[in-house]
Every structure is written in structure tokens, then in C-alpha cells.
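Letter by letter, the chains look like this.
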Amino acid sequence: MTDLTRLASDKVVARFCPSPTGNPHVGMARTALFSWAFARHHGGDFVFRIEDTDASRDSEESYELLVDVMRWLGLDWDQGVEVGGPDGPYRQSERMDIYVEVTERLLDAGLAYKAYDTAEELEERRELARAEGRPSGYDGLHRDLTPEQQAAFEAEGRKPVIRFKMPVRDYAFNDLVRGEVKIPASDVQDFVIMRANGQPLYTLTNPTDDALMGITHVLRGEDLLSSTPRQIALYEAFAQVGIGSGRTPEFAHLPYVTGSGNKKLSKRDPESNLLGYRDQGFLPEGLLNYLALLGWSISADRDVFTLDEMVQAFDISDVQPNPARFDIKKCEAINSDHVRMLSADDFLARIIPFFEFAGLVSTPIADSERKVLAAASGLVQERIGLLAEAVPMLRFLFARDDFAIDEKDAAKNLTEDGLGVVRAAREALAGLTEWTTSSIEAALRTALIEGLELKPRLAFGPVRVAVTGSRISPPLFESLELLGPDLTLARLDAVLA
RNA sequence: GGCCCCGUAGUGUAGCGGCCUAGCACGCUGCCCUCUCAAGGCGGUAACGCGGGUUCGAAUCCCGUCGGGGCUACCA
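In this text, all values refer to a predicted model and were calculated from it rather than measured experimentally.

## A closer look at helix α4 (residues 119-131)
Next, step 1: Taking 1.5 Å of rise per residue, the 13 residues of α4 would be expected to cover 18 Å, and the 18 Å separating its terminal C-alpha atoms lies within 8% of that figure.
Next, step 2: Of the residues one or two after α4, G133 is the one with positive phi, at around 80 degrees.

Below you can see the structure in the form of C-alpha cells.
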């Protein structure tokens, strides 16, 4: 018999154990973040396990996305998929023999039993129970079948599921975010731990692995709150049959993250797709900061902080029990603050992939292109909320034959008057012997503000549109300096032609 | 139907019996600054779901009610 016991330890071990179905979503990331922060705060281990016991729904692609997203977010794990560890493997699909053994032990100890009810029979009894106002879970009909009765069912060709025999009593536990939670004995039912085809269910595999991996704190979604008595009962059974350390972990049920309705954000909601956030140019630290705010706060009057600061301050008992709605506007605002907090070099490194992807620079970026971007990045760092926004703002520096002016902006600014301004600007700039921000500014102010007696707004607008292609751009004089005299004059000429 | 969880402005939160004529942030909005857009500065808007208790005193404690959500699978 395999030794499935382990020593109890005081070290905190938390975990994140998603099922690889669909796209990783923000609710998941929030759960992972809190669990991770909890482990880090207590100097414990963080385990990343994959619960792929439902072959019909799980996919390899989804698994890869999950790993990808965790790495992007920077939520590192001490044990788990891809990195290994003492209690592996960390994909449940590779641990089937363990679950079979655990089930056998429970069966042998009389803590679980075979149930032969058909789906139709169960359905019928469920409906009846409901109609009579009774709880509609399993009624325990096959709990104490004699060997003869079992044999009779077998002879009919029925294949049994394995149900865990829930000790009938009240269950209570202290939820770390909700306090005391009680479930009356009348509402506990025997649940299936193994399908008729021999495949174990989440109800078994999750607590089994938590026990075997020495998980001390289970932080998970609120949807699992009502299944906690089952897990507690299973842990107690494990203790009897020598599985795990004999200790039941602490539980903390995190509230939902909802979308614009009140429904929990699902994997199908586009706004919940994590990789979409990455592609839009959210910073992992910005997204994480925002997610942390959903149910937790670092202090009464501050909401921008680093991951390190969060780890330092994170206390699970400060987490709010009520659900939070995901607000993309605030998420962007928090992200903007983090964009601004980046060092110049870091910011540059982060926007480069967006320019490569847009095809504005070569991939990988050439040194000459990098130089231009480095000089320009400071101009956009405080103007954007998402990294991807840097691309349209600096497109004019890289565009050549494909340079185009926004039609609406042209119609508004390059009117007859506007072209007059452009003409004057062209003349003033053509005569410059020195091409710097200050000389450009001086020349344009002299020619347009003083010469044409224009308000700055009217003076620089047409020039901006002609040269950058848009009414919205980085500061004009700096932009012209970066573009250089040749391209600047050529663009002014182009609109005058 | 049964059971469980939740309930402070539009949104996220602070609040743990007196410091609350309820703070902060996002949003929206007015003004200032300004070459556009941002950023920044100064204002404004708006909340304790409701009803009963307990108490000298309640957003904070208790009960009820209403509302929202979850579970009630051979999903997780």
C-alpha cells in the first residue's frame, strides 16, 4: 500500500488550482492573486495545480494559456506544473492512480459506498423532495445496501458510482473572510466521488490533493462555500485512513467578481478575458493592483500600490465578503498610474512589442528605430493609460509613404485659414539653421502668434494635424524636432500641394 | 422548493458603538493651468435597502423584512 501520510507543518501552504477550460478570466486572476499574496505574506509556499479531471471540458490549449497568464502576471509558484515539487505530479490527470487508491481505502473503511441509482431514479426522487419542500440532494437510498442487493443491481448490469458517506451532523467552520458558517445536518447529503466509469470527481480530487500537498489554507471562490462541509468530512475520513497529515485546512471564500450585471463574470464574457487585457497594454502590476481593490484595500485613502506593498499588508481577514463589480474605467485609471510609475527604460521596453506587432518598426526592433522610440517615449508615457495607445500617438514618427491624415481632423483644421497657417509655418521653419524644440517653438511663435496674431490654439492646430496626422499628438515642438526638418517640411508641403 | 452567502454614493472601498453634519478613489461635472491630448491644482455631484428593537448614543449589535447571488450534477 502506498504511503499517503505526511507530516503536519506550521508553514503556510496556499494554492491556486483552476480547471483548464476556456480562457483564463479576471475572477480567476483575483483568486490566484489573493491566494498568492496570502502565501507570500506569511512566508509560505504557493502551489499551482491543475484540476483537469473532466476530459470532456478540459483542453491543452487552455492549460497553456493558464500557465502563460500566471507568468505574465508574475504570480510565481514554488511547487506546481512546469516547475515540479515534492508532491507532484501537479496535473490531476496524471494522478488518477492516487484517486483510485484513496477511493478504495474509503470503501474498505466503510466511509464510502456503491450507489446504483439511475439518473432517472435520482431525478424522480429529487423532484418529489423538492415538491415536498425537502432538501433535494441524495436521499441515501443505497447507503446501506446488503451484498445481496448490490449483487442484484450488478446482475441487472448497473454500474455504481461511489458516494461518500457524510456523517450526519451539523457542520460549522470558521471562514477566514466570513466568520462562522453553519450548515444543519438536515442539509448534508452523500455525494459522488467517483463516476460509474471509474473517473474521480472534483469532490474527491480537490481535497485529496490538498491533503497530500499539505495545503494549510484554502482560498477559493464563494461558489464553493456550500461544499465546504463535504471537504471537512472528507478530511476527517482521510485522517482515519492515513491520508495526509490529519489536519483540516482553514478556508476562506472570496466573493465574486461580477460584470456589468450582477452575474459572476464568466469565461465567456469578453471583458473577463485576461489575455485581452495584456493585448490592450494593461500592465500586470496595474491589473493586479486593480484586482486587489476588489474586496480588499491597503488603507483608507490610498489605492495605488506595488505588489510588494500588497504582500506586506495583505491580511485575509480584511477581505470583504460582498461581491465586487469589475469597473474597466477604474482599472484603466489604476493602470495609468502604474504606467507613470515605470522608469523610462522600463516603459520603453514595454512599448516596443506593441510597435513591433503593429509593424511600425522591424521585429526585432532595429537600433535606429529604438533610438527614435527612446527619444519619443517620454512624450507619451504620461499621456496614455494603456501601452497600446502609444502606437497611434507615435505612428507619425515611423510612417513614411503610408503617412495619412485623419479625415475628420483634416476637415476641421486644414481649412483655407488653416492652410494659410501651414504656409506661414513652412516658411518660418524652412529658414531655421538650428532644429531644436526651442528654436522651432520660437520660430513658430514669432511667425504665427505674433505675425498672424493667432491664438496659440488656432496657430498650432493646423501644423499639428499636417505633421502628425492627428488633432491629438505629443507636444508639437518636441514632435517636430524628433521628426526632423526634412520630413516636417515634406509633410507641410504635402498638404499645401 | 430547501439550504447557504451578501447588502455604505453609479462603481470599488474606509468605517469594527460616540472622532461620521460618513473619509478616499474611479466616474460624471464646473473652474484654473495649457500648443492638442494627457498630467496637475481647486470645487461640485452622490450612499449607510427598509422596518423594528438594544443603548444615553447605531452605518457599526440583535431580530424581521425586502433585494441580489450561490449551491442543490456521475461540472468545477
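## Some words on the sheet that holds strand β8 (residues 191-194)
Next, step 1: Reading across the sheet, the 3 strands line up as β4-β5-β8 and stay open at both edges, with antiparallel pairing between neighbours. Both outer strands of the open sheet, β4 (112-115) and β8, are each paired with one neighbouring strand and no more. Neighbour to neighbour, the strand axes of the sheet diverge by 45 degrees on average, direction disregarded.
Next, step 2: Sheet topology places strand β5 (residues 161-164) next to β8; 3 bridges connect them, and they run antiparallel. By the bridge assignment for β8, F164 is matched with F191.
Next, step 3: The strands touched by helix α3 (residues 96-108) within the sheet are β4, β5 and β8, with β8 carrying the most contacts at an inclination of about 130 degrees.

## Observations regarding the packing of helix α17 (residues 437-451) against helix α19 (residues 476-483)
Next, step 1: Orientation of α17 relative to α19, taken along the N-to-C sense of each, is 120 degrees, at an axis distance of 8 Å. By the criterion of interaxial angle, the relationship of α17 to α19 is oblique. The hand of the α17/α19 crossing is right-handed. Of the residues in α19, those touching α17 at T437, I440, E441, L444 and R445 are F477, E478, L480 and E481.
Next, step 2: Considering only residue class, the contact of α17 with α19 consists of 4 nonpolar, 1 polar and 4 charged.

## Some points on the pairing of strand β2 (residues 45-48)
Next, step 1: Neither face of β2 is exposed, since D45 and V47 on one face and F46 and F48 on the opposite face are all buried.
Next, step 2: One ladder, built from 4 bridges, connects strand β1 (residues 13-16) with β2; its direction is parallel. Its bridge partner lying in β2, F16 is registered against F48.
Next, step 3: Summarising the sheet, β2 and strand β3 (residues 79-80) pair through 2 bridges and their orientation is parallel.

## A look at the protein's contact with RNA strand B
Next, step 1: By nearness alone, 66 residues border RNA strand B, and S19, R178, E382, R464 and S473 come closest of all.
Next, step 2: The sugar and phosphate moieties of RNA strand B supply 68% of its atoms located within 4 Å of the protein.
Next, step 3: Contacts to RNA strand B include R163, whose side-chain N or O atom sits 3.5 Å from a phosphate oxygen.
Next, step 4: S226 places a side-chain nitrogen or oxygen 3.3 Å from a sugar or linking oxygen of RNA strand B.
Next, step 5: Sorting the residues of the surface near RNA strand B by element identifies α4, β5, β7 (179-183), β12 (324-325), α11 (328-341), α18 (456-468) and α19 as the ones contributing at least two each.
Next, step 6: For the surface near RNA strand B, a count of residues per class yields 26 nonpolar, 12 polar and 28 charged.

## Observations regarding the pattern of salt bridges
Next, step 1: As enumerated under the stated definition, the model contains 31 salt bridges in all.
Next, step 2: R91 serves as the salt-bridge partner of E60, at 3.1 Å between the closest nitrogen and oxygen. Note that E60 is positioned in helix α2 (residues 60-73) and R91 in the loop between β3 and α3, a separation of 31 residues in sequence.
Next, step 3: The exposure class of R91 is buried, given its relative accessible area of 14%.
Next, step 4: Two residues, E441 and R445, come together in a salt bridge whose shortest N-O distance is 2.8 Å. With E441 and R445 both in helix α17 and 4 residues apart, the pair spans about one turn of that helix.
Next, step 5: With a relative accessible area of 32%, R445 lands in the partly exposed category.

## Quick notes on the pairing of β7
Next, step 1: Across 5 bridges, strand β6 (residues 171-175) lies against β7 in antiparallel orientation. When the bridges of β7 are listed, N174 appears paired with E180.

## Describing α11
Next, step 1: Between its first and last C-alpha, α11 extends 20 Å over 14 residues, near the 20 Å set by a 1.5 Å rise per residue.
Next, step 2: Burial in α11 covers these residues: C331, I334, N335, S336, H338 and V339.
Next, step 3: Measuring from the side-chain oxygen of the N-cap residue of α11 to the backbone nitrogen of K329 gives 3.1 Å; that N-cap residue is D327.

The rules behind these values
Residues numbered from 1 in each chain as written. Chains lettered and ligands numbered in written order. Predicted model: local features only at pLDDT ≥ 70, side-chain atom pairs only at ≥ 80, totals over all residues. Heavy atoms only, no water. Helix = DSSP H or I, 4+ residues; strand = E, 2+ residues; numbered from the N terminus. Expected span 1.5 Å × (residues − 1). Pairing = 2+ DSSP bridges. Axes fitted to C-alpha atoms, helices over the stretch in contact; angles between N-to-C directions. Contact = heavy atoms within 4.5 Å. Parallel < 35°, antiparallel > 145°, perpendicular 65-115°, else oblique. Left-handed = near helix turned anticlockwise from the far one by under 90°. Nonpolar A, V, L, I, M, F, W, Y, C, P; charged D, E, K, R; others polar. Buried < 20%, exposed > 50% of the residue type's maximum accessible area, 1.4 Å probe, protein only. Near = heavy atom within 4 Å. Polar contact = N/O pair within 3.5 Å; in protein donor to acceptor, adjacent residues only side chain to side chain. Salt bridge = Lys/Arg side-chain N within 4 Å of Asp/Glu carboxyl O.

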